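Secondary and tertiary structure notes
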Amino acid sequence: NINTDMYLASLIDGEGYAIQGRPSFEDTDEVPLSYKVATAGNHSIAIDHVSGIFADGQEIYLKDNLLGTIHNLTNDGAYNFTTNAGTFSERFEVVYANSALGVDKPTFNENLDHFII
């Protein structure tokens, strides 16, 4: 990274990369992120521009593992967060499906005469 005070990188086997090529896209993919900030305080993560399937409407989410939240970067804009100074590699992940919105589909069991969730 050329910026020694602040950066955001995707992780592959624990190593930080500015660009990550993937063989195919699955909306179940999870991309762990590492970030470094020299100054504690308020910071933000946003999408600058998109292409390919992301330009066609595939949403991009940022999962904050520290707070247990999922933020829609595509529709809701920048994610603002507070952090200490340092390098962190377990707080954020990019995901493509909002698991917090997942709802189990009930199925009807004829033998029991009720729905199973």
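Our subject is the structure listed above.
Residues numbered from 1 in each chain as written. Predicted model: local features only at pLDDT ≥ 70, side-chain atom pairs only at ≥ 80, totals over all residues. Heavy atoms only, no water.

1. Brief notes about the overall build of the protein
The following threshold applies: Runs of H or I in DSSP of at least four residues are treated as helices and runs of E of at least two as strands, each being numbered from the N terminus. The cut-offs for exposure are 20% and 50% of the maximum accessible area for each residue type, with area from a 1.4 Å probe on protein chains only; residues under the lower value are buried, those over the upper are exposed, and the others partly exposed. Contacts are assigned to residue pairs with any non-hydrogen atoms lying within 4.5 Å of each other. Note that accessible areas follow from Shrake-Rupley with a 1.4 Å probe, and for residues the cover is restricted to the protein chains shown.
When you go through the protein residue by residue, the secondary structure sums to 1 helix and 11 strands. Starting at the N terminus and walking to the C terminus, you meet the elements of the protein as β-β-β-β-β-β-α-β-β-β-β-β. Within the span of the protein, comprising 117 residues, buried residues form 24% of the whole. The contacts of the protein with a sequence gap of at least 6 include a subset with a gap of at least 24, amounting to 64%. Only carbon and sulfur atoms are counted for the fraction: they give 50% of the accessible area of the protein, which is about 8,300 Å².

2. Thoughts on the environment of T87
With respect to the helices and strands, the residue T87 is situated in strand β8 (residues 86-88). Looking at T87, the relative accessible area reads 48%, which means it is partly exposed. The spacing of T87 and S34 is 53 residues in sequence and 7.2 Å in space, taken between C-alpha atoms. Discounting residues that sit within four places of it in the chain, T87 has contacts with Y7, S34, Y35 and K36.

3. A few points about the nonpolar core
Just so we agree on the cut-off: Only buried residues count toward a nonpolar core, which is a set of Ala, Val, Leu, Ile, Met, Phe, Trp, Tyr and Cys residues joined through side-chain atoms within 4.5 Å.
If you look at the biggest cluster of nonpolar residues, it comprises 13 residues, and the most contacted ones within it are L33, L62, Y79, F81, F92 and V94. Of all the secondary-structure elements, those providing two or more residues to this core are β3 (30-37), β7 (79-83) and β9 (92-95). Counting residues per element, this core draws most heavily on β3, at 4 residues. Those residues in contact with F92 that lie beyond four places of it in its chain are V31, P32, L33, Y35, I45, L62, K63, D64, N65, Y79 and F81.

4. Some thoughts on the packing of aromatic side chains
Spelled out, the test is: Stacked, tilted and edge-to-face are the three classes assigned to paired rings of Phe, Tyr and Trp, where Trp is represented by its six-membered ring and a pair needs centres within 6.5 Å; plane angles under 30 degrees give stacked, over 60 edge-to-face, the rest tilted.
On inspection of all chains with the given rule, the structure shows 9 aromatic pairs. With a centroid separation of 5.4 Å and 45 degrees between ring planes, the pair formed by Y35 and F92 is classed as tilted. Of the two residues, Y35 is situated in strand β3 and F92 in strand β9; the sequence distance between them amounts to 57 residues. Across the pair, exposure class does not vary: Y35 and F92 are buried alike. For the ring pair Y79 and F81, a centre distance of 6.2 Å and an interplane angle of 15 degrees mean the geometry is stacked. Accessibility classification places Y79 together with F81 in one group, the buried group. Each residue in the set Y35, Y79, F81, F88 and F92 is aromatic and connected to the rest through ring pairs, giving one cluster.

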